[in-house]
Amino acid sequence: MAARRKEFHDALAAFNPAKPILILGHHDADGLSSTAILSRALERGGRNTKVRLLGRGENVWSAEMASELRAQDIGGLIVADLGTRAEPPLPGMATVLLDHHVPAGVPQAALLISGHGLHPTPTTSLLAWWCTGAIAEVDDLLWLAALGIIGDMEDASGFPELAAARERWGITALRKAVSLLNAPRRASAGDAGPALALLLKADGPKAVLSGEYPETALLQAAKAEVQEALAEGRRVAPQIRGEVALIPLHSACQIHPLIAQQWKGRLKDKVVIAANTGYRPGWVHFAARSGQSTDLIDFLRHHRPEGADPVSYGNGHAQASGGALLPAAWNRFVAKLGFGAEMQVPA
Ligand SMILES: [Mn+2]
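Within each chain, residues carry numbers counting from 1 in the order of the written sequence. Whole-chain, interface and lining totals are the exception, using all residues; otherwise, since this is a predicted model, local features are given only for residues with pLDDT of at least 70 and side-chain atom pairs are given and counted only at 80 or more. Here the side-chain values reflect all heavy atoms present in the structure, with hydrogen atoms and water set aside.

### Some thoughts on the coordination of the manganese ion
- Donor atoms from the polypeptide that bind the manganese ion are Asp30 (OD), Asp81 (OD), His100 (NE2) and Asp152 (OD), placed at 2.1 to 2.3 Å.
- Written as a sequence motif, the donor residues of the manganese ion are D-x50-D-x18-H-x51-D. Residue Asp30 is found in helix 2 (residues 29-44), and its partner His100 is found in the loop between strand 4 (95-99) and strand 5 (111-114); the two are separated by 70 residues along the sequence. Donor atoms (N, O, S) are those found within 2.8 Å of the metal centre, with the cutoff raised to 3.2 Å for Na, K and Ca; water is not part of the atom list, so apparent gaps in a site can occur. A run of DSSP states H or I qualifies as a helix once it reaches four residues; a run of E qualifies as a strand once it reaches two. Both are numbered from the N-terminal end.

Okay, here's the thing in structure tokens:
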């Protein structure tokens, strides 16, 4: 990692120092904590930063994002926990990508710092913490790296940084903070802004939880809403065809990944797909999970329906993937998997 840290340092040196650095981050606990680490460390290192979270249905490599980025007056771009593609999001702009998902391409014109292929695979938050050590003192920000590890990894035992954070801040407070920080992006409003605001100013997980900052109450309300939606989603029975178990949901909350995750443990030999028709109007969002046996990236590539956009379908990890499909493509997808009219969605 020392070599990667130096590359990060050198890439930043090529950013225009007269203009702010824009950090794009994913809205889950790992993306939020990565964004907070990057912003806080860069500011300590004397750079101005702007942050932009990508929310529901947004993608770095979309046409909408390209025009938004072109309108920005920035000195460099950092993309955290949002995937990796061969083409840079803003051609011509000095860019660093930090990520740990299976790369859908490797950029030539940007620096990619990827955790993919390392064992154990570091989260983006850990990559961000390692790299920013090259530009500022970040020892006190280790708890932020721990939030990303807890949020993303089922088995976090291989990370000495987590053991150190646990010692210093307590595992219960860290876990509670992760649960709270993940709530707003899952709630119907889907706005993770207050979660990031907390991470940009709190000095540890206790400050996230204590209520000393007004954002905590917003996160708690979001969590209550998600809990209620989850309770309803848990009552839906999976429909099984061959190797696939499909769980049809209709909720404005982002509960499909949690429901898929939950059924994965009970349907160990199945590809579990939880589909949500209520998350974003006009779309079917789905989360896919599997035990160790099936590589979901391969599975979804093999079953890709006509009309699926590679930017928003079948990315992520071998055991945790998913996507978003328009109704016509969704209907082709489930028909090919052997499901009948009951899983079709009106176009
Ligand atoms: Mn992540």
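Having seen it, we continue.
### Overview of the pairing of strand 3 (residues 76-80)
- The buried count for strand 3 comes to five of five residues, which makes it a mostly enclosed element.
- Using a 1.4 Å probe on the protein chains alone, a residue whose accessible area is under 20% of its type maximum counts as buried, one over 50% counts as exposed, and one in between counts as partly exposed. Every second residue of strand 3 is oriented toward a common face, with Gly76, Ile78 and Ala80 on one face and Leu77 and Val79 on the other, all of them buried.
- Alignment of strand 1 (residues 21-26) against strand 3, held across five bridges, turns out to be parallel. Note that in strand 3 the partner of Leu22 across the bridge is Leu77.
- The rule for pairing is simple: two strands pair if DSSP sees at least two bridges between them. The sheet contact formed by strand 3 and strand 4 spans four bridges and is parallel. Paired with Ala80 across the bridge in strand 4 is Leu98.

### Comments concerning the domain arrangement of the protein chain
- Each domain's extent was defined by an automatic or database domain assignment. The domain architecture assigned to the protein chain consists of domain 1 (2-220) and domain 2 (234-343).
- With centres defined by C-alpha atoms, the gap from domain 1 to domain 2 works out at 27 Å.
- Contacts are residue-level and defined by heavy atoms, with any inter-residue pair within 4.5 Å sufficient. Every contact between the two is made by 15 residues of domain 1 and, on the other side, 15 residues of domain 2.
- Using a 1.4 Å probe, buried area is obtained as the accessible area two parts lose upon being combined, added over both of them. Summing the contributions of domain 1 and of domain 2, the shared interface buries around 1,300 Å²; its carbon and sulfur component is 51%.
- A pair is scored as a salt bridge if a Lys or Arg side-chain nitrogen falls within 4 Å of a carboxyl oxygen belonging to Asp or Glu. At the junction of domain 1 with domain 2, the criterion picks out one salt bridge.
- With a closest N to O distance of 3.1 Å, Lys264 and Glu154 form a salt bridge.

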